[in-house]
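If you want the building blocks of each chain, they are given just below.
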Amino acid sequence: MLQFGKIAIIGAGNVSYTLCKLLKDKDIEPFCVFVRNESEAVKMRADLNVETVSDYEKVMLSDLAIIAVNDDAISEVASHLVDYKGLAVHTSGTRPSETLSEIERYGVFYPLQTMSKGREIAFDDVPILIYANMPEDLIRLRGFSAALSSKVEYCDDEQRKAVHLAAVYVSNFTDVMLEIGAKILKDNGLDLSMMRHLVKETMQKAFEMSPEKALTGPARRGDMETIENHMKMLEKYPEEQDIYKLLTNFILEKYHENEKL
């Protein structure tokens, strides 16, 4: 049973797009989508077949308002919802729930997933971290979230910030490593696609065995000859060489006392 009859989404970015698509895939029609920029509103209507609005009048009639905007815009949005009678939640991993405390009923709805427009995401087991300032709203928010994913977790502000920090390491920094790898391969007439199976196995093994037990490679083995050869190869990439040195020394110091570049 749907916990909120009228669901408004505020924003026109990656999270808003993904949530609109997700709701429609679950046969839940968004009540409205607040989009300030008209060209973005036109695109959302064309792409997602949703009703867009440019003022808060209709948003105020909703039962749940999902604020899916940049972190630094959440407070500004909240200032327009002071008299809102529904439950207002933001989707930030770092902003405290109290950012919405001017609103009577507030909380957090944070899907732990990277999102981009045009990407199809299977949400069935994506963790959704929730919080609400009122116990009855937490129950409603849990029920709503459970209609979207099988993994719904209560998370306070400090826990959510820790999750976000960890996500930067395992997701954002991983993307940077892939970008560096792609650059080195391209400069040698090769393509990143050849790393696909290695990356998949690395990730699967880390989750099955633990990252520490899954770790292999020259630094883990203490293979200084290979490490020195890599450092020479990276001389034409000074920034990437610094990253290699930092991470290699981190591993060497952990597993091989007295070994360091």
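Before going into details, it helps to say that this report is about the structure given with it. (Residues numbered from 1 in each chain as written. Predicted model: local features only at pLDDT ≥ 70, side-chain atom pairs only at ≥ 80, totals over all residues. Heavy atoms only, no water.)

1. Notes on the packing of aromatic side chains
- The final tally for this structure, using the stated rule, is five aromatic pairs.
- Geometrically, the ring pair formed by Phe4 and Phe144 is edge-to-face, given 6.0 Å between the ring centres and 80° between the ring planes. Of this pair, Phe4 sits in the segment before β1 (7-10) while Phe144 sits in helix α4 (residues 135-146), and the two are 140 residues apart along the sequence. Considered together, Phe4 and Phe144 belong to a single accessibility category, that of buried residues.
- Both rings, one in Tyr131 and one in Tyr154, keep their centres 6.1 Å apart while their planes meet at 45°; by these two values the pair is tilted. Separated by 23 residues along the polypeptide, Tyr131 in strand β7 (residues 128-132) and Tyr154 in strand β8 (residues 152-154) bring together distant segments of the chain.
- We classify Tyr154 as partly exposed; its relative accessible area is 39%.
- Ring pairs connect the aromatic residues Phe4, Phe109 and Phe144, which therefore count as one cluster.
- Its end group placed over the ring of Phe31, Lys58 keeps NZ or CZ at 4.6 Å from the ring centre.
- Across from the ring centre of Tyr255, 4.0 Å away, lies the NZ or CZ of Arg220, which sits over that ring. (Phe/Tyr/Trp six-rings, centres within 6.5 Å; stacked < 30°, edge-to-face > 60°. Helix = DSSP H or I, 4+ residues; strand = E, 2+ residues; numbered from the N terminus. Buried < 20%, exposed > 50% of the residue type's maximum accessible area, 1.4 Å probe, protein only. Lys NZ or Arg CZ within 6 Å of the ring centre and 35° of its normal.)

2. A look at the pairing of β1
- Residues Ile7 and Ile9 point to one face of β1 and Ala8 and Ile10 to the other, with burial holding for every one of them.
- Where β1 lies against strand β4 (residues 64-67), four bridges are found, and the strand directions are parallel. Among the inter-strand pairings, Ala8 is bridged to a residue of β4, identified as Ala65.
- Pairing of β1 with strand β2 (residues 32-34), which is carried by three bridges, proceeds in the parallel orientation. Residue pairing in the sheet places Ile10 in a bridge with Phe34 of β2. (Pairing = 2+ DSSP bridges.)

3. Observations regarding the packing of helix α5 (residues 157-187) against helix α10 (residues 238-255)
- In the contact formed by α5 and α10, the axes pass within 12 Å of each other and the chain directions differ by 125°. Classified by the angle their axes make, α5 and α10 are oblique. The chirality of how α5 crosses α10 is left-handed. Across the interface between the two elements, Met177, Ile180 and Lys183 of α5 pack against Glu240, Ile243 and Leu247 of α10.
- For the contact of α5 with α10, the per-class residue count stands at four nonpolar, no polar and two charged. (Axes fitted to C-alpha atoms, helices over the stretch in contact; angles between N-to-C directions. Parallel < 35°, antiparallel > 145°, perpendicular 65-115°, else oblique. Left-handed = near helix turned anticlockwise from the far one by under 90°. Contact = heavy atoms within 4.5 Å. Nonpolar A, V, L, I, M, F, W, Y, C, P; charged D, E, K, R; others polar.)

4. Some points on the pattern of salt bridges
- This model, assessed by the stated rule, comprises 16 salt bridges.
- Notably, a salt bridge pairs Glu51 with Lys58, separated by 2.6 Å at the nearest N-O pair.
- Exposure remark for Glu51: the relative accessible area of 39% places this residue in the partly exposed category.
- Among the residues examined, Lys58 registers a relative accessible area of 22% and is labelled partly exposed.
- In this structure, the salt-bridge partner of Glu158 is Lys161, at a minimum N-O distance of 3.1 Å. With a gap of three residues between them, Glu158 and Lys161 both fall in helix α5, about one helical turn apart.
- Taking the relative accessible area as the measure of exposure, Glu158 reaches 55% and is therefore exposed.
- Taken together, the shared-partner salt bridges connect Lys21, Asp25 and Glu120 into one network. (Salt bridge = Lys/Arg side-chain N within 4 Å of Asp/Glu carboxyl O.)

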